[in-house]
Structures are given as C-alpha cells and as structure tokens.
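What the coordinates show
Chain by chain, the residues run as shown.
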Amino acid sequence: NAGVTQTPKFRVLKTGQSMTLLCAQDMNHEYMYWYRQDPGMGLRLIHYSVGEGTTAKGEVPDGYNVSRLKKQNFLLGLESAAPSQTSVYFCASSYRLARDLYGTDTQYFGPGTRLTVL
Amino acid sequence: QQQVKQSPQSLIVQKGGISIINCAYENTAFDYFPWYQQFPGKGPALLIAIRPDVSEKKEGRFTISFNKSAKQFSLHIMDSQPGDSATYFCAASIKGGAQKLVFGQGTRLTINP
C-alpha cells in the first residue's frame, strides 16, 4: 500500500514551457486535491475532484488545468509555466464518507513535487 | 483574504517545555479544525482534529483547545521533544461536499535539546 505518490519529485522549467504532474493513490479514495505550498502562505487549494470524471476550481486555479480520467489518478497541468508558479505542489486524497463514518475529514498527502520556473 | 490566521511564524522551545501555536478563523461555517504536522521534504500528515461541539481534545502529548465564541483554536504540545521539531499547520473546513481545507500560514517549531 503506497498511499499517495507523486511524479516527478523535482522539475525545472523555463517560462512558457508546459508540464504535467501526476498523482496516484491506491486507497480507493473518491476525493482528490492539488495544493501549492509557498513560504508564509501555508497550503492553498488549486483544484479538486469529487470523483472520476469531475473536477472543480479551488482557491488559486488560474494557470492550471486538471483531469481525473481514472479514480486513482489526478493530473495537474501547467500549459505555459510562469515564475509565479515556482512552488512545492502537493496532492492529497480522502474518503468521501470519512466524516460521517469516522468523524474526520482526514486528507492523506503525497511527498510533493518541487517545481522551479526560470 | 486569509480565512485562517496562524501565529507565531516560528517558535523555539526547550526540551520538556510546552509549545503553543494559535489560530483564528473568520468563517463561522467552519466546523472541522485539524492540525497537520510536516517534516522537511515530506507531505503534511494529520496530527489531531477537533469539532466545535467540544472545547478540548487531547491525544497523548497533543491537545487542541477550542474557543467558539472567540473563533480561535490552539495546539498545545506538552513535554516537547526534539522529534516534535517540524512545521505545523492549522486548517479548517466546512461540513459537506469536498472537504476543502483552508490552511493557516504555518509555524516552524524547533525544540532545543
């Protein structure tokens, strides 16, 4: 049971380049999330998904796109990278009925991807 | 607009002391308040969480105190150990839907031996 995994771990892009970050979970969770972490800002939600084939915008969605074609995978795309997108990106997943059954909204986070845009 | 404000940004505590981190929120629709612990190079992991129907929750050396009227909650780490050195994030979410968490800015805690 690997939990939540993210690929790649590190990446350096030039301004204007595109890339896709892959998140995979093997816990059969319905909900998946993408966050970015910046110094002094905490974690901010970019996009999220409540199930296969569905996605929605979070707090800071501009410049990013996502897709959830399979329940276990959640992809984050940058079509034209900008230096402001330099950050550490975390994927998370959670069980839909967690709060009802367990009283918790526990989200399980991946190890992160450190992205630098030059 | 930062809906959850966390302080201090950094904290140094001697081994065996009490570490206290505070958070304040604005949205009265929040009804779930977790604390996450993050070690360098790792993703955040749930440490402890509280619902607003109780004023305190304790798990081992970790305690959350919750003040609904003041819209504040805090994390207390008793008998702090060097292994507790990490970054701590408070968060909040609204019941129902996609469990979207709003995080505080984070506190870097250092426990000196």
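Now for a quick tour of the structure.

Scoring rules and cut-offs
- Residues numbered from 1 in each chain as written.
- Chains lettered and ligands numbered in written order.
- Predicted model: local features only at pLDDT ≥ 70, side-chain atom pairs only at ≥ 80, totals over all residues.
- Heavy atoms only, no water.
- Helix = DSSP H or I, 4+ residues; strand = E, 2+ residues; numbered from the N terminus.
- Rg over C-alpha atoms; globule rule 2.2 N^0.38 Å.
- Contact = heavy atoms within 4.5 Å.
- Areas by Shrake-Rupley, 256 points an atom, 1.4 Å probe, with all protein chains shown as cover.
- Lys, Arg positive; Asp, Glu negative; His and termini not counted.
- Charge placed at Lys NZ, Arg CZ, Asp CG, Glu CD.
- Disulfide = S-S within 2.5 Å.
- Buried < 20%, exposed > 50% of the residue type's maximum accessible area, 1.4 Å probe, protein only.
- Core = buried A, V, L, I, M, F, W, Y, C linked by side-chain atoms within 4.5 Å.
- Phe/Tyr/Trp six-rings, centres within 6.5 Å; stacked < 30°, edge-to-face > 60°.

**Observations regarding the overall build of chain A**
When helices and strands are counted, chain A shows one helix and eleven strands. Overall, chain A shows an N-to-C arrangement of helices and strands of β-β-β-β-β-β-β-β-β-α-β-β. A compact globule built from 118 residues should have a C-alpha radius of gyration of about 13 Å, and chain A, at 14 Å, falls within 12% of that. Taken along its principal axes, the extent of the C-alpha atoms in chain A is 45 × 30 × 25 Å. Put simply, 56% of the contacts in chain A that link residues at least 6 apart link residues at least 24 apart. For chain A, the exposed surface amounts to about 5600 Å²; the carbon and sulfur share of it is 53%. One finds the centroid of the 12 positive side-chain charges in chain A at a distance of 7 Å from the centroid of its 9 negative side-chain charges.

**Quick word on the state of the cysteines**
A complete count under the given rule lists two disulfides over all chains for this structure. Residue pairing for Cys 23 of chain A: its cysteine sulfur links by disulfide to Cys 91 of chain A, the two sulfurs lying 1.9 Å apart. On the sign convention where negative means left-handed, the S-S torsion of about -75° between Cys 23 of chain A and Cys 91 of chain A marks this disulfide as left-handed. Taken as a pair, Cys 23 of chain A in strand β3 (residues 19-25) and Cys 91 of chain A in strand β9 (residues 87-94) lie far apart in primary sequence, 68 residues in all. Exposure class is identical for Cys 23 of chain A and Cys 91 of chain A. Each is buried. Here Cys 23 of chain B pairs with Cys 90 of chain B through a disulfide, and the sulfurs are 1.9 Å apart. Disulfide Cys 23 of chain B-Cys 90 of chain B: the torsion about the S-S bond is -95°, which places it as left-handed. Within this pair, whereas Cys 23 of chain B is found in strand β3 (residues 19-25), its partner Cys 90 of chain B is found in strand β9 (residues 86-94), the two being separated by 67 residues in sequence. Cys 90 of chain B carries the same exposure label as Cys 23 of chain B, and that label is buried.

**Section: the nonpolar core**
Residues Val 4, Phe 33, Trp 35, Phe 73, Leu 75 and Tyr 88 of chain B are the most contacted members of the largest nonpolar core, which totals 25 residues. Among the secondary structure elements, those contributing two or more residues to this core are β2 (10-14), β3, β4 (30-38), β5 (45-50), β7 (62-67), β8 (72-77), β9 and β11 (107-112) of chain B. Leave out the neighbours within four places in its chain, and Phe 33 of chain B touches Tyr 25, Ile 48, Ala 49, Ile 50, Pro 52, Ile 64, Phe 66, Phe 73, Ala 91 and Ala 92 of chain B. The next biggest cluster of nonpolar side chains, apart from the first, holds 19 residues, and it includes Met 19, Cys 23, Phe 74 and Leu 115 of chain A.

**What about the packing of aromatic side chains?**
Taken as a whole and judged by the stated rule, the model has 16 aromatic pairs over all chains. Ring centres of Tyr 64 of chain A and Tyr 89 of chain A lie 5.8 Å apart, and the angle between their planes is 65°; this geometry places the pair in the edge-to-face category. You can see Tyr 64 of chain A sitting in the loop between β6 (54-57) and β7 (65-67) and its partner Tyr 89 of chain A sitting in strand β9, a full 25 residues away along the chain. You can call Tyr 89 of chain A buried: its relative accessible area is 0%. Of the aromatic side chains, those joined through ring pairs into one cluster are Tyr 33, Tyr 35 and Phe 109 of chain A together with Tyr 36, Phe 89 and Phe 103 of chain B.

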